[in-house]
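Residue-level structural notes
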Amino acid sequence: MDHKESRLDRAKSQYALYKERPLDISMARGIPSEEQLKLSESLISDIKIDKWLSEDDLDIRNYGGLYGIEEARELFGTLLNTTAEETLIGGNSSLQLMFSVLSHHMFTKENPWSASKDMPVKFICPSPGYDRHWSMLEYLGIKMIPVELTGSGPNMEVVEKLVSQDPSIKGMFVVPKYNNPTGESVSNEVVDRLAGMHTAADDFLILWDNAYVVHHLTNEKVEIKDIFSASKAFGHPDRVIQFVSTSKMTLPGAGVSAMGASTHNINEMAKYFGKQLISFDKINQKRHVKFLKDESTIAAHMEKHRDILEPKFTWIDAILSAYFGGENNSFVEWTTPKGGYFVHLTTRANCARKIVELMSAIGITLTPANAAYPYGSNPLDNSIRLAPSFVSLDQLEIAMEALCVCIDLVTLENYEN
Ligand code: PLP
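In this text the structure is predicted, and so the values were computed from the model without any measurement.

**Concerning the overall build of the protein**
Helices and strands together make up the secondary structure of the protein, namely 14 helices and twelve strands. In terms of overall size, the protein behaves like a compact globule, its C-alpha atoms giving a radius of gyration of 23 Å where 417 residues would be expected to give roughly 22 Å. Taken over the C-alpha atoms alone, the protein extends approximately 80 × 55 × 35 Å along its principal axes. Expressed as a percentage of the 417 residues in the protein, the buried residues total 46%. Pairs at least 24 apart in sequence give 75% of the contacts found in the protein among residues at least 6 apart.

**A word on the site of the ligand**
Inspection of the region around the ligand gives 13 residues, with Ser93, Ser94, Ala211, Ser245 and Ser247 positioned closest. Its residues placed into classes, the shell around the ligand shows five nonpolar, seven polar and one charged.

**Some remarks on the domain arrangement of the protein**
By domain assignment, the protein separates into domain 1 (3–30 + 299–415) and domain 2 (48–292). The centre of domain 1, based on its C-alpha atoms, is set 31 Å off from the matching centre of domain 2. Each side of the interface is counted separately: domain 1 has 23 residues, and domain 2 has 26 residues. At the level of secondary structure, the elements contributing two or more residues to the side of domain 1 that touches domain 2 comprise α12 (295–324) and β12 (383–386).

**Some details on the sheet that holds strand β5 (residues 169–174)**
Strand pairing in a sheet relies on backbone hydrogen bonds. The paired strands run either parallel or antiparallel. Sheet architecture is open: seven strands sit in the order β2-β8-β7-β6-β5-β3-β4, paired in mixed fashion. The open sheet has two edge strands with one neighbour each: β2 (87–89) and β4 (143–148). On average, each strand axis in the sheet is inclined to that of its neighbour by 20°, with strand direction left out of account. Pairing analysis gives four bridges linking strand β6 (residues 205–209) to strand β7 (residues 240–245), with the strands arranged parallel. In the strand pairing of β7, Asp209 is matched with Phe243.

**Looking at the packing of helix α4 (residues 70–80) against helix α11 (residues 282–292)**
Their axes nearest at 9 Å, the elements α4 and α11 cross at an angle of 50°. Looking at the two axes, α4 sits oblique to α11. Of the two possible hands of crossing, α4 and α11 adopt the one that is left-handed. Taking contact as the criterion, the partners of Glu71, Ala72 and Leu75 in α4 are, on α11, Gln285, His288, Val289 and Leu292. A per-class count over the contact of α4 with α11 returns four nonpolar, two polar and one charged.

Definitions and cut-offs
- Residues numbered from 1 in each chain as written.
- Predicted model: local features only at pLDDT ≥ 70, side-chain atom pairs only at ≥ 80, totals over all residues.
- Helix = DSSP H or I, 4+ residues; strand = E, 2+ residues; numbered from the N terminus.
- Rg over C-alpha atoms; globule rule 2.2 N^0.38 Å.
- Buried ≥ 20, exposed ≤ 12 C-beta atoms within 10 Å, placed from the backbone.
- Contact = placed C-beta atoms within 7 Å.
- Near = placed C-beta within 6 Å.
- Nonpolar A, V, L, I, M, F, W, Y, C, P; charged D, E, K, R; others polar.
- Domains from an automatic or database assignment.
- Pairing = 2+ DSSP bridges.
- Axes fitted to C-alpha atoms, helices over the stretch in contact; angles between N-to-C directions.
- Parallel < 35°, antiparallel > 145°, perpendicular 65-115°, else oblique.
- Left-handed = near helix turned anticlockwise from the far one by under 90°.

This is the structure we're talking about:
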């Protein structure tokens, strides 16, 4: 029996043991753990609201204030590089704001995309990216064009060529910092090129989803050039709409989201929301302002998240390095993100789906393989996302050991047999 066979046999017998004792572990979604949620419990239990008036004299218990209360618009403006007038506060989900922006542009604005002579409406999708962005576009009937990520944002040569030639390409999503799932951040050069590029569609939109704006995992806190002022300087003030939320700062089920854009775009969206509601939850906005206070309080709070999250990322890297570092490293490549919530694995071609399937059969749920590609379609079948935030370190260790066995098994069966 040669070395390869013995390694395959070993993987098979280890896998058989897992099959005898199925587990119940999920690393499918980027959900904060119980320990992380506890960091923000005092938001509900301790924050006392001593007066019901906001700084702009709204009774926060009552109707009104569709744009959000002044102090919340100011606080979230510090994350978005926008003034209070350029900031709108939403409910507990930035995804809802993004969907609303897309839906407004697609159907309800003056000259909506859906009535354009250039059909079908298309979007650039930097990939691997966030699966919920892709499902949103698919749901709205927007055709997705994947463009590869380079390690510092989308391949701009490809983006510039596509958007300058095709007026039916109406926009793109960008997760600028600690991308879900690759962890990469856009370079300043990419910011400038996105802000300044010529687009055949004169209403081209960049949805700048800065979900991980303060979610650092190392001391190298990545900062990105402000795209909003860059786009203004290039004469495209309405091109960029930015999004943030407190989902992974406080409580995803009871947080606050915010949108930063030109006053034209903000007023347009307020008109759109005004047909659905009279105001978002202003008491929660007030609570969040009292809890998160300012940039330095937010940074200190995010350090507590880092203390909980960082060991999980270190552990993933350590286990993968132990298995696949050195001579065997052609089996899988993995990211070591400086922030955010995910590790991305690039397996050998045609292995990812099978690996995720094997993991599922022993009770470990991962995000479906290749879900980070539009339509879940990745001809290389080599993309797996790991979301370690929710599991304990003990569970993570077990899941990672099992994952290494599954990677071994599938890669050896596909390539060495
Ligand atoms: N955007 C990105 C890139 C994400 O990774 C996530 C959650 O994983 C979200 C948005 C969800 O944001 P929210 O909870 O504000 O809707």
